[in-house]
Amino acid sequence: MKKNNLKNTTKNIIKSFMIVLIFIGLMSTISCNNNNDDMQVPQSMKTERIEHLVLFKFKPTVTEQQRQEVVNRFMALRNSLKDGKTYLKVEYGFQNSMEDVKGNYDVGFRVTFNSLEDRDYYVGKIDGQPTPAAFDPMHDDFKNFVGPFLDVDDPATGGVLVFDYKSNEGGTGSVPETGYRLDHWVLFKFKPGISEAQKQEVVNRFLDLKNGKKDGKTYIPFIEFGYQNSKEGVARGYDIAFRASFTSKADRDYYVGKPFLNDPGTFDPLHDAFKNFVGPFIDIDPQPTKGVLVYDYEVKKQ
């Protein structure tokens with residue numbers, strides 16, 4: 001009787017052990033097959049981030065006081081509500097690029113959203129399109145306010161540029177919220193006929209600039225990119241945008257380099273090589289955009 005009990009106990013232990021092994025194997029298989037499933041992605045990576053760049057060119061007659069009023073009214077949009085909650089962030093800055101492709105825009109605003117739905121609510125009414133069921137009345141009022149101040153007859157700018165994209169960095173990877181920051185925006189228009197593989201190579205080479213060295217150390221804390229997805233029709237033909245952030249003006253100047261800094265050690269050779277590489281892919285013929293726009297500014301949040 002004891003032998004039978006011992007035998008049965010041993011069988012039960014072995015059976016339980018096998019069940020555990022099968023369960024572990026099953027869970028491992030499910031995990032391997034779902035590497036791209038949301039359950040395997042950290043919560044911080046599930047959110048998206050929509051970037052909305054707005055550049056204004058003022059009429060020559062607009063006073064400093066009126067310009068400041070535009071800034072104040074735009075920055076007040078950060079208090080806008082959707083479903084009773086604030087839903088966007090806003091920064092701004094005045095153009096300080098040294099490059100000859102900086103355009104004629106006077107002030108730039110960077111608005112960020114957590115979803116395309118939020119962006120669409122903010123954009124709201126668009127001429128020639130049906131009025132959306134819900135839109136931000138505060139932003140709608142701002143659009144009516146700012147129109148008379150913009151130099152819409154300027155052929156180089158049209159008075160306003162809007163470029164939206166879904167960041168490749170998702171909801172993460174941004175630079176610190178405090179301290180000095182200088183943002184460097186680069187917008188490209190590709191030549192007709194450029195392949196997707198060639199576009200991707202431009203992206204890869206630009207993102208690799210984050211590995212550039214200054215005094216033996218990396219000095220660019222953040223680079224992101226995205227393809228144009230604005231609904232407003234004033235992207236001025238640009239296809240893709242990159243945003244690089246710097247923690248000092250000296251670092252931005254080192255990055256820009258030639259023709260302003262030419263001595264070895266005073267400029268980033270990696271970025272210099274990129275400029276030579278990217279030229280053949282950019283559509284420099286259309287007037288007046290020249291296929292590339294650079295907008296730099298020291299970030300202000302009021």
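This one's a predicted model, so the numbers in the text were calculated from it and none came from an experiment. (Residues numbered from 1 in each chain as written. Predicted model: local features only at pLDDT ≥ 70, side-chain atom pairs only at ≥ 80, totals over all residues. Heavy atoms only, no water.)

### A short note on the overall build of the protein
Definition in use: Each helix is a run of H or I in the DSSP string that is no shorter than four residues. Each strand is a run of E no shorter than two, and both are numbered from the N terminus. Any residue under 20% of the maximum accessible area for its type is buried, any over 50% is exposed, and the rest in between are partly exposed; the area is computed with a 1.4 Å probe on protein chains only. Pairs of residues are marked as contacts when any of their non-hydrogen atoms sit within 4.5 Å.
Scanning the protein from N- to C-terminus turns up eight helices and 12 strands. Among the 302 residues that make up the protein, the fraction classed as buried is 42%. Within the protein, residue pairs in contact and separated by at least 24 positions form 75% of the contacts whose partners lie at least 6 positions apart.

### A few points about the sheet that holds strand E5 (residues 107–113)
We count it as follows: Strands are treated as partners if at least two bridges between them are detected by DSSP. Geometry is summarised by axes, namely lines fitted to C-alpha atoms with helices restricted to the contacting stretch, and by angles between N-to-C directions that run from 0 to 180 degrees.
With respect to topology, four strands assemble into an open sheet ordered E4-E5-E1-E6, the strand pairing being antiparallel. Here the strands that pair on one side only, and so sit at the sheet edges, are strand E4 (89–94) and strand E6 (160–166). Put simply, the sheet's adjacent strands are angled 15° from each other on average, direction ignored. The sheet contact formed by E4 and E5 spans six bridges and is antiparallel. When the bridges of E5 are listed, Gly93 appears paired with Gly108. Packing of helix H3 (residues 64–75) onto the sheet brings it into contact with strand E1 (50–56), E4 and E5, and relative to E4 it is tilted by some 160°. Packing of helix H4 (residues 116–123) onto the sheet brings it into contact with E1, E5 and E6, and relative to E5 it is tilted by some 130°.

### Topic: the side chain of Arg49
Spelled out, the test is: Two N or O atoms form a polar contact when they lie within 3.5 Å of each other; inside protein one atom must be a possible hydrogen donor and the other a possible acceptor, and for residues adjacent in sequence the pair counts only when both atoms belong to side chains.
Within the element layout of this structure, Arg49 appears in the loop between helix H2 (43–46) and E1. The exposure class assigned to Arg49 is buried, which follows from its relative accessible area of 8%. At a separation of 2.7 Å, a polar atom in the side chain of Arg49 contacts the side chain of Glu224.

### Some remarks on unusual backbone geometry
For the bond from Lys258 to Pro259, the omega torsion is 5°, close enough to zero to count as cis. Structurally, Pro259 can be placed in the loop between helix H7 (249–256) and helix H8 (269–278). Positive phi is not limited to glycine here, since Asp83 has a value of about 55°. Looking at the secondary structure, you find Asp83 in the loop between strand E2 (81–82) and strand E3 (85–86). The phi dihedral of Asp215 falls on the positive side, at around 55°, and the residue is not glycine. The class of Asp215 is exposed, set by a relative accessible area of 73%.

### Focus: helix H6 (residues 196–207)
Put simply, the rule reads: Take the residue count of a helix, subtract one, and multiply by 1.5 Å to get its expected span. The directions from the helix axis to the C-beta atoms form the arc being described.
Its 12 residues give H6 an end-to-end C-alpha distance of 16 Å, which sits within 8% of 16 Å, the value for a rise of 1.5 Å per residue. Along H6, the positions that sit buried rather than exposed are Lys199, Val202, Val203 and Phe206. Buried residues along H6 cover an arc of 95° about the axis, so they all sit on one side. Of the surrounding secondary structure, the elements contacted by the buried residues of H6 are strand E7 (182–188), strand E10 (222–227), strand E11 (240–246), H7 and H8.

### Things to note about the sheet that holds E7
With respect to topology, four strands assemble into an open sheet ordered E10-E11-E7-E12, the strand pairing being antiparallel. Every interior strand has two partners, whereas the edge strands, E10 and strand E12 (292–298), have only one. Adjacent strand axes in the sheet meet at a mean angle of 15° when their direction is disregarded. Here E10 pairs with E11 via six bridges, running antiparallel.

### Some remarks on the confidence of the model for the protein
Spelled out, the test is: Scored from 0 to 100, pLDDT records how confident the predictor is in each individual residue.
When the pLDDT values of the protein are averaged, the result is 86; 81% of them are 70 or greater. A low-confidence stretch, residues 1–7 stays under pLDDT 50, and its non-local contacts, those more than four residues away or across chains, total zero contacts. Within the model, the stretch residues 16–46 combines pLDDT values under 50 with eight contacts to residues more than four positions away or in other chains.

### What to know about the nonpolar core
The following threshold applies: Residues enter a nonpolar core if they are buried and are Ala, Val, Leu, Ile, Met, Phe, Trp, Tyr or Cys, with the set joined through side-chain atoms within 4.5 Å.
Within the largest apolar cluster, 30 residues are counted, with the highest numbers of intra-cluster contacts made by Phe56, Val70, Phe74, Phe109, Tyr122 and Phe142. Of all the elements in the fold, those that place two or more residues in this core are E1, H3, E4, E5, H4, helix H5 (137–146) and E6. Ignoring any residue separated from it by four or fewer positions in sequence, one finds Phe74 in contact with Val54, Phe56, Val90, Phe109, Val111, Tyr122 and Phe142. Membership of the second largest hydrophobic core comes to 28 residues, among which are Val203, Ile220, Ile223 and Ile240.

### A closer look at the packing of aromatic side chains
Under the convention used in this document: Only the six-membered ring of Trp is used, alongside the rings of Phe and Tyr, when aromatic pairs are assigned; centres must lie within 6.5 Å, and planes under 30 degrees apart are stacked while those over 60 apart are edge-to-face, with the rest tilted. For a Lys NZ or an Arg CZ to count as sitting over a ring, it must be within 6 Å of the ring centre and within 35 degrees of the ring normal.
The tally for this structure, following the rule as stated, stands at 25 aromatic pairs. An aromatic cluster of three or more residues is present, and its members are Phe56, Phe74, Tyr92, Phe94, Phe109, Phe142, Phe145 and Phe149. The ring of Tyr121 is capped by Lys82, whose NZ or CZ atom sits 5.9 Å from the centre of that ring.

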